[in-house]
Amino acid sequence: SIGRAHSIMIEQMTKLKQNILHNAMSSFRACTMLLRPGAYENASTIKGIKTFDELRQIAYNTHNEHLLWHVDIDEMLVKFWFKEYIPVTRISERYRSSKSKRSFELLRR
(Lines give C-alpha, C1' and ligand atoms only; values in the text may rest on other atoms or scores of the structure.)
Protein backbone atom coordinates (compact mmCIF):
# COMPACT_ATOMS: atom_id res chain seq x y z
CA SER A 1 0.00 0.00 0.00
CA ILE A 2 2.76 2.44 0.92
CA GLY A 3 4.79 1.24 -2.06
CA ARG A 4 1.83 1.86 -4.38
CA ALA A 5 1.26 5.34 -2.93
CA HIS A 6 4.97 6.10 -3.37
CA SER A 7 4.83 4.85 -6.97
CA ILE A 8 1.83 7.09 -7.73
CA MET A 9 3.55 10.07 -6.12
CA ILE A 10 6.72 9.52 -8.19
CA GLU A 11 4.61 9.20 -11.35
CA GLN A 12 2.80 12.47 -10.61
CA MET A 13 6.08 14.26 -9.84
CA THR A 14 7.53 13.07 -13.15
CA LYS A 15 4.50 14.40 -15.04
CA LEU A 16 4.75 17.74 -13.23
CA LYS A 17 8.46 17.95 -13.99
CA GLN A 18 7.78 17.33 -17.70
CA ASN A 19 5.05 19.99 -17.73
CA ILE A 20 7.34 22.56 -16.15
CA LEU A 21 10.14 21.64 -18.55
CA HIS A 22 7.92 22.01 -21.63
CA ASN A 23 6.48 25.34 -20.42
CA ALA A 24 10.02 26.60 -19.78
CA MET A 25 11.10 25.46 -23.27
CA SER A 26 8.27 27.44 -24.83
CA SER A 27 9.15 30.62 -22.93
CA PHE A 28 12.89 30.18 -23.52
CA ARG A 29 12.32 29.70 -27.26
CA ALA A 30 10.24 32.89 -27.43
CA CYS A 31 12.81 34.91 -25.45
CA THR A 32 15.70 33.58 -27.50
CA MET A 33 13.97 34.37 -30.78
CA LEU A 34 13.24 37.92 -29.63
CA LEU A 35 16.60 38.71 -28.04
CA ARG A 36 19.25 36.92 -30.08
CA PRO A 37 20.04 38.47 -33.47
CA GLY A 38 19.30 36.06 -36.30
CA ALA A 39 17.54 33.54 -34.03
CA TYR A 40 14.17 34.13 -35.66
CA GLU A 41 15.47 33.31 -39.13
CA ASN A 42 17.37 30.27 -37.80
CA ALA A 43 14.85 29.12 -35.20
CA SER A 44 15.58 25.45 -35.82
CA THR A 45 19.19 25.94 -34.71
CA ILE A 46 18.33 26.59 -31.07
CA LYS A 47 19.91 23.44 -29.67
CA GLY A 48 18.10 21.33 -27.10
CA ILE A 49 14.86 23.33 -27.24
CA LYS A 50 11.82 21.89 -28.96
CA THR A 51 10.07 23.94 -31.63
CA PHE A 52 6.63 25.43 -31.07
CA ASP A 53 5.16 22.75 -33.35
CA GLU A 54 6.84 19.95 -31.37
CA LEU A 55 5.61 21.41 -28.08
CA ARG A 56 2.11 21.84 -29.50
CA GLN A 57 2.12 18.18 -30.58
CA ILE A 58 3.17 17.13 -27.06
CA ALA A 59 0.31 19.21 -25.66
CA TYR A 60 -2.20 17.53 -28.00
CA ASN A 61 -0.87 14.04 -27.27
CA THR A 62 -0.96 14.53 -23.50
CA HIS A 63 -4.20 16.56 -23.49
CA ASN A 64 -2.35 19.35 -21.68
CA GLU A 65 -4.44 22.48 -22.24
CA HIS A 66 -2.14 24.65 -20.13
CA LEU A 67 0.90 23.77 -22.24
CA LEU A 68 -1.09 24.33 -25.44
CA TRP A 69 -2.16 27.76 -24.22
CA HIS A 70 1.41 28.60 -23.19
CA VAL A 71 2.85 27.56 -26.56
CA ASP A 72 0.18 29.49 -28.46
CA ILE A 73 0.76 32.67 -26.42
CA ASP A 74 4.53 32.47 -26.86
CA GLU A 75 4.26 31.82 -30.59
CA MET A 76 1.75 34.66 -31.04
CA LEU A 77 4.12 36.97 -29.17
CA VAL A 78 7.01 36.13 -31.49
CA LYS A 79 4.89 36.30 -34.67
CA PHE A 80 3.34 39.62 -33.62
CA TRP A 81 6.74 41.11 -32.83
CA PHE A 82 7.99 40.22 -36.30
CA LYS A 83 4.79 41.60 -37.89
CA GLU A 84 3.38 38.26 -39.06
CA TYR A 85 -0.23 39.09 -38.27
CA ILE A 86 -2.02 36.38 -40.28
CA PRO A 87 -0.49 33.51 -38.25
CA VAL A 88 -1.39 35.38 -35.04
CA THR A 89 -5.00 35.55 -36.20
CA ARG A 90 -4.99 31.85 -37.11
CA ILE A 91 -3.57 30.79 -33.73
CA SER A 92 -5.89 33.06 -31.75
CA GLU A 93 -9.05 31.74 -33.43
CA ARG A 94 -9.13 28.85 -30.93
CA TYR A 95 -9.62 31.28 -28.04
CA ARG A 96 -12.48 33.45 -29.25
CA SER A 97 -16.00 33.07 -27.97
CA SER A 98 -18.70 32.72 -30.61
CA LYS A 99 -19.98 36.25 -29.91
CA SER A 100 -16.58 37.82 -30.50
CA LYS A 101 -16.09 35.63 -33.58
CA ARG A 102 -19.17 37.21 -35.13
CA SER A 103 -17.87 40.72 -34.37
CA PHE A 104 -14.47 39.85 -35.76
CA GLU A 105 -15.97 38.45 -38.96
CA LEU A 106 -17.90 41.68 -39.51
CA LEU A 107 -14.69 43.68 -39.15
CA ARG A 108 -12.86 41.40 -41.58
CA ARG A 109 -15.20 42.17 -44.48
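The structure under discussion appears in the preceding block.
What counts and how
- Residues numbered from 1 in each chain as written.
- Predicted model: local features only at pLDDT ≥ 70, side-chain atom pairs only at ≥ 80, totals over all residues.
- Heavy atoms only, no water.
- Helix = DSSP H or I, 4+ residues; strand = E, 2+ residues; numbered from the N terminus.
- Buried < 20%, exposed > 50% of the residue type's maximum accessible area, 1.4 Å probe, protein only.
- Contact = heavy atoms within 4.5 Å.
- Areas by Shrake-Rupley, 256 points an atom, 1.4 Å probe, with all protein chains shown as cover.
- Axes fitted to C-alpha atoms, helices over the stretch in contact; angles between N-to-C directions.
- Parallel < 35°, antiparallel > 145°, perpendicular 65-115°, else oblique.
- Left-handed = near helix turned anticlockwise from the far one by under 90°.
- Salt bridge = Lys/Arg side-chain N within 4 Å of Asp/Glu carboxyl O.
- Patch = residues over 30% accessible without salt bridge, like charges linked within 9 Å, V, L, I, M, F, W, Y side chains within 5 Å.
- Arc of directions from axis to C-beta.
- Expected span 1.5 Å × (residues − 1).
- Polar contact = N/O pair within 3.5 Å; in protein donor to acceptor, adjacent residues only side chain to side chain.

**Considerations on the overall build of the protein chain**
Looking only at helices and strands, the protein chain has five helices and zero strands in total. Traced from its N-terminal end to its C-terminal end, the protein chain shows the element sequence α-α-α-α-α. Counting over 109 residues, the protein chain shows a buried share of 30%. Of the contacts made within the protein chain by residues no fewer than 6 positions apart, 42% connect residues no fewer than 24 positions apart. Here the protein chain displays about 8100 Å² of accessible surface, and carbon together with sulfur accounts for 62% of that area.

**Section: the packing of helix α2 (residues 52-62) against helix α3 (residues 65-81)**
Relative to each other, α2 and α3 sit at 160°, their axes nearing to 8 Å. With respect to α3, the element α2 is oriented roughly antiparallel. Viewed along their axes, α2 and α3 form a crossing whose handedness is left-handed. Counted together, F52, L55, R56, I58, A59 and Y60 of α2 and L67, L68, V71, D72, D74, E75 and V78 of α3 form the full contact between these two elements.

**Focus on the pattern of salt bridges**
Per the stated rule, a full pass over the model turns up four salt bridges. Residue K79 pairs with E84 through a salt bridge whose shortest N-O separation is 3.4 Å. We classify E84 as partly exposed; its relative accessible area is 27%.

**Some points on a nonpolar patch on the surface**
Together, W69, I73 and Y95 line one region of the surface with nonpolar side chains, adding up to about 290 Å² of accessible area. Take Y95: it is sitting in the loop between α4 (85-92) and α5 (98-108).

**Focus on unusual backbone geometry**
A positive phi angle is found at H63, which is not glycine, with a value near 55°. Within the element layout of this structure, H63 appears in the loop between α2 and α3. The phi dihedral of K83 falls on the positive side, at around 60°, and the residue is not glycine. By the element assignment, K83 lies in the loop between α3 and α4.

**Some details on α4**
Residues three or four positions apart in an α-helix share a direction because the helix packs 3.6 residues into each turn. Restricting attention to buried positions, one finds in α4 the residues V88, T89, I91 and S92. Down the axis of α4, the smallest arc covering the buried residues is 165°, so these residues share one side. Away from the buried face of α4 by more than 90 degrees, exposed residues I86 and R90 are located.

**Description of α3**
Look at α3: 24 Å from first C-alpha to last across 17 residues, which is about the 24 Å you get at 1.5 Å a residue. Measuring from the backbone nitrogen of H66 back to the side-chain oxygen at the start of α3 gives 3.2 Å, which picks out N64 as the cap. At the exit of α3 stands K83, carrying a positive phi of roughly 60°.

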